[in-house]
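Below, each chain spelled out in residue letters.
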Amino acid sequence: MDIDALIDEVIAREGGYSNHPADRGGPTRFGITQAVARERGYFGDMRAFPRTQAVEIYRARYWDGLNFCFVAELAPQVAAEIFDSGVNMGPAIAAKFLQRALNALNRQARDFADLVVDGQVGPGTLAALGAFMDARGRAGEAVLLKAIEALQGARYIDLAESRPANEAFLYGWLANRIG
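Residues numbered from 1 in each chain as written. Predicted model: local features only at pLDDT ≥ 70, side-chain atom pairs only at ≥ 80, totals over all residues. Heavy atoms only, no water.

(A) Representation of the overall build of the chain in the model. In terms of helices and strands, the chain carries eight helices and three strands. In the chain, the order of α-helices and β-strands from amino to carboxyl end is α-β-β-β-α-α-α-α-α-α-α. Relative to the globule expectation of 16 Å for 179 residues, the C-alpha radius of gyration of the chain, 17 Å, shows essentially globular dimensions. Reported as C-alpha extents along the three principal axes, the dimensions of the chain are approximately 50 × 35 × 25 Å. Out of the 179 residues in the chain, the part that is buried amounts to 44%. Long-range pairs, those at least 24 residues apart, make up 52% of the contacts in the chain with a sequence separation of at least 6. Total accessible area on the chain stands at roughly 8,900 Å², and carbon and sulfur atoms take up 52% of it. Separation of charge centres in the chain, based on 19 positive and 22 negative side chains, amounts to 3 Å. (Helix = DSSP H or I, 4+ residues; strand = E, 2+ residues; numbered from the N terminus. Rg over C-alpha atoms; globule rule 2.2 N^0.38 Å. Buried < 20%, exposed > 50% of the residue type's maximum accessible area, 1.4 Å probe, protein only. Contact = heavy atoms within 4.5 Å. Areas by Shrake-Rupley, 256 points an atom, 1.4 Å probe, with all protein chains shown as cover. Lys, Arg positive; Asp, Glu negative; His and termini not counted. Charge placed at Lys NZ, Arg CZ, Asp CG, Glu CD.)

Given below as structure tokens:
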């Protein structure tokens, strides 16, 4: 899995500077919100936020720090999806999608025990993913990916239904983030 290529894809999809009035994230550049940039030590104008710092944040906060690099060793397509979901919805939500999907696909705990859905990709989640892949193989990865995308799509609909201002983003979310 080439994390640099994934980061380039996310930056291309997210675009440059944005400050949409309906976006609760406020000013963003390359998909990095001002709040995240501030947490990581950048205090300048977001219009000038450097791409190199965005790449560093994506790698540290949305890939290595979440153990998605280990997911990639077992299921690279799933890792790419939860990376992208984590960027768009928050890393813990993406990890919960993976955990919920694994729990639903474990054949009533015959393949592996149910996971605690805590939003952390730790040893238990990685072991469950490994057991799933051993039981289901590469074809299983495609099914797991569909389950994660179904959860993601349902969340986008929920976000639009619960906050009408999010309807401004729903079409793009579904067009660019699902499938």
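(B) Quick look at the pattern of salt bridges. Using the criterion set out here, one finds nine salt bridges in the structure. Notably, a salt bridge pairs Arg13 with Asp84, separated by 2.6 Å at the nearest N-O pair. Note that Arg13 is positioned in helix 1 (residues 3-14) and Asp84 in helix 5 (residues 76-89), a separation of 71 residues in sequence. We classify Arg13 as partly exposed; its relative accessible area is 33%. On the basis of relative accessibility, which here comes to 7%, the residue Asp84 falls in the buried class. The network of salt bridges with common partners includes Arg13, Glu14, Asp84 and Arg177. (Salt bridge = Lys/Arg side-chain N within 4 Å of Asp/Glu carboxyl O.)

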